[in-house]
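Survey of secondary and tertiary structure
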Amino acid sequence: MLYASPVLERQAESILYDRLLPFLSSSAAAETGLDIHETWNATALDFITAYQFGLKNGSNFLRDVDYRKHWLYLYYVRKTYPYFTQELPRTTRFLKYFRINLVPLWVDDANRELEAWTKARCDATIEYLQTSAADEKDIANEPVVMKALLSGMEKEGRTKGNDSVLTNTLLKEPDLSIASEMIDQLAAGHETSAITLTYLAWELSRDTYLQDALRAELRTLSPNMLLSSSNTGRNIPNSKDLDTLPILHAVVMETLRLHAAIPGGQPRMTPYPSCTLGSYHIPGGVRVGARAHSVHRNPNIYPDPEKFDYTRWMDDRNGYTEEQRKERDRWFWAFSSGGRMCIGSNFAMHGRRSVLSRNLSYGCVTADM
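Residues numbered from 1 in each chain as written. Predicted model: local features only at pLDDT ≥ 70, side-chain atom pairs only at ≥ 80, totals over all residues. Heavy atoms only, no water.

**Some thoughts on the overall build of the protein chain**
Across its full length, the protein chain holds 15 helices and four strands. Each of the 369 residues in the protein chain was classed as buried or not, and the buried ones make up 45%. Sequence-distant contacts, at least 24 apart, represent 71% of the contacts inside the protein chain between residues at least 6 apart. Total accessible area on the protein chain stands at roughly 19800 Å², and carbon and sulfur atoms take up 54% of it. (Helix = DSSP H or I, 4+ residues; strand = E, 2+ residues; numbered from the N terminus. Buried < 20%, exposed > 50% of the residue type's maximum accessible area, 1.4 Å probe, protein only. Contact = heavy atoms within 4.5 Å. Areas by Shrake-Rupley, 256 points an atom, 1.4 Å probe, with all protein chains shown as cover.)

**Regarding unusual backbone geometry**
Cis peptide bonds are those with omega within 30 degrees of zero, and the linkage from Tyr272 to Pro273 qualifies with 0°. Notably, Arg99 is not glycine yet its phi reads approximately 65°, a positive angle. Here Arg99 is to be found in the loop between α5 (89–97) and α6 (105–131). Owing to a relative accessible area of 77%, Arg99 belongs among the exposed residues under this scheme. Of note in this structure, Asp304 is not a glycine but carries a positive phi near 50°. Checked against the element boundaries, Asp304 lands in the loop between α12 (292–295) and α13 (315–318).

**Some details on a nonpolar patch on the surface**
A contiguous nonpolar patch, built from Phe94, Tyr97, Phe98 and Ile100 and spanning about 500 Å² of accessible area, is present on the exposed surface. Relative to the helices and strands, Ile100 resides in the loop between α5 and α6. Overall, Ile100 belongs to the partly exposed group, its relative accessible area being 43%. (Patch = residues over 30% accessible without salt bridge, like charges linked within 9 Å, V, L, I, M, F, W, Y side chains within 5 Å. Salt bridge = Lys/Arg side-chain N within 4 Å of Asp/Glu carboxyl O.)

**A word on the pattern of salt bridges**
Under the defined criterion, the tally for this structure stands at 22 salt bridges. A salt bridge links Arg112 to Asp109, with the shortest nitrogen-to-oxygen separation between them at 2.5 Å. With Arg112 and Asp109 both in helix α6, this residue pair falls three residues apart, about one helical turn. By relative accessible area, which is 43% here, Asp109 ends up partly exposed. Where Asp315 meets Arg325, a salt bridge forms, and the shortest distance between an N and an O atom there is 3.9 Å. Note that Asp315 is positioned in helix α13 and Arg325 in helix α14 (residues 322–330), a separation of ten residues in sequence. On the accessibility criterion, Asp315 (36% relative accessible area) is partly exposed. Beyond isolated ion pairs, a larger network of salt bridges with shared partners links Asp315, Glu322, Arg325, Arg328 and Asp329.

**Description of helix α3 (residues 65–77)**
In this model α3 runs 18 Å from its N-terminal to its C-terminal C-alpha over 13 residues, within 8% of the 18 Å that 1.5 Å per residue would give. By the burial criterion, the buried members of α3 are Arg68, Trp71, Leu72, Leu74 and Tyr75. The arc that holds every buried residue of α3, seen down its axis, measures 155°, which confines them to one face. Every exposed residue of α3 that faces more than 90 degrees away from the buried side is listed here: Asp66 and Tyr73. (Expected span 1.5 Å × (residues − 1). Arc of directions from axis to C-beta.)

**Quick notes on the environment of Asp64**
Examined against the element boundaries, Asp64 turns out to sit in the loop between α2 (36–53) and α3. Each C-alpha atom, one on Asp64 and one on Ala42, is 9.4 Å from the other, the two residues being 22 residues apart in sequence. From its side chain, Asp64 meets the backbone nitrogen of Tyr67 in a polar contact 3.3 Å long. (Polar contact = N/O pair within 3.5 Å; in protein donor to acceptor, adjacent residues only side chain to side chain.)

**Topic: the side chain of His259**
Position of His259 among the secondary structure elements: in the loop between α11 (246–258) and β1 (268–269). In this structure His259 touches Tyr199, Trp202 and Glu203, once residues within four positions along its chain are discounted.

**Observations regarding the nonpolar core**
Counting 60 residues, the largest nonpolar core has Trp40, Trp71, Ile247, Val251, Tyr310 and Phe332 as the members making the most contacts within it. Sorting the residues of this core by element identifies α1 (6–30), α2, α3, α6, α8 (174–205), α9 (208–218), α11 and α15 (345–362) as the ones contributing at least two each. If you look at the next biggest cluster of nonpolar residues, it comprises 15 residues, including Leu8, Val144, Val145 and Met182. (Core = buried A, V, L, I, M, F, W, Y, C linked by side-chain atoms within 4.5 Å.)

**As for the packing of aromatic side chains**
Enumeration over the complete set of coordinates arrives at 13 aromatic pairs. Look at Tyr81 and Trp106: their rings are 5.5 Å apart centre to centre, the planes differ by 90°, and that puts the pair in the edge-to-face class. Placement of the pair is Tyr81 in the loop between α3 and α4 (82–87) and Trp106 in helix α6, with a sequence separation of 25 residues. Centroid distance Trp313 to Phe332: 5.5 Å. Interplanar angle 80°. Geometry classified as edge-to-face. Of this pair, Trp313 sits in the loop between α12 and α13 while Phe332 sits in the loop between α14 and α15, and the two are 19 residues apart along the sequence. Like Trp313, the residue Phe332 is buried in the burial classification. An aromatic cluster is present here, built from Phe61, Tyr67, Trp71, Tyr75, Tyr76 and Trp117 joined pairwise through their rings. Sitting above the plane of the Trp117 ring, Arg121 keeps its charged end 5.0 Å from the centroid. Looking at Arg257, its charged tip hangs above the ring of Tyr302, at a distance of 5.3 Å from the centre. (Phe/Tyr/Trp six-rings, centres within 6.5 Å; stacked < 30°, edge-to-face > 60°. Lys NZ or Arg CZ within 6 Å of the ring centre and 35° of its normal.)

**A look at the pairing of strand β2 (residues 274–277)**
One ladder, built from four bridges, connects β2 with strand β3 (residues 280–283); its direction is antiparallel. The residue bridging Ser274 from the neighbouring strand is Pro283, located in β3. What sits between the antiparallel neighbours β2 and β3 is a turn of two residues, in which Gly278 has the positive phi angle 60°. (Pairing = 2+ DSSP bridges.)

Okay, here's the thing in structure tokens:
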């Protein structure tokens, strides 16, 4: 669906050519330092919110520098405090009753502003769908995610009514439920992509040979994305063609392996009455977890695991057997797995490949970045 989406293609074209490249060009011309992590945060937010709300109602952080800095400050300054509300929710609430705040009150203020910003995007998108969407000429303004959510909500209420499992949540409080879902998606959708793109830029900046090899591979695309006197168009290669580029795929995969955007524990509760994990029999109700950081450093699966070696993902070079390839792929856990696997993995991979390939073609990744 993503690969065949004309809406996503048009949104990518606009964000890359009208926002990202002009921003990078102006930064280069000014010969000032560039916070690349902040830049990738802005890029990822513009991508994910355009797909959620449409281009006109999404963020425009690559251009709106002042509010971008403010928004990202709010987002990141509160990130050291979720432990208490997540791991000790009852204790946190109990102590707050006695005005003992494990989480500072300004964290609540930051959360409320971020939530209000998201709610405003949702309200503007719903109003747009109800009033002017039918006359819209630019498909980039189509709010793909919101349309799907609203359609699913309407169908759920129509077909199941009070028997729906969503009766007391989404169907009872639709506005707040939609905003809650949207902020979850934009938070997850931008932060991990920004982290991965930052590490990609760092790894590539250390290896000019790899940059040259990637550029040569990208030039094989038709259309390619070079800017020259003979090619002044706004070319976006076919997403399926990007998928077939072995070096691009390998570099992204190895970055995700060595620098997993979510490297820490992902806890789960074992089901009752018990379950088996590997060779261990675990009773029900026990909290267990795995870490991508540790899983990705199994030397039996990934030899010399601390080394950035993109060729381990290039089957025409590494000489792996079929069994070795299967084990390598089975142990790759950047997006988790099973029923709790990241639902946006395809969107994330598409966005990272598009941004990386466009910037390499443009020549934005250099050894002194």
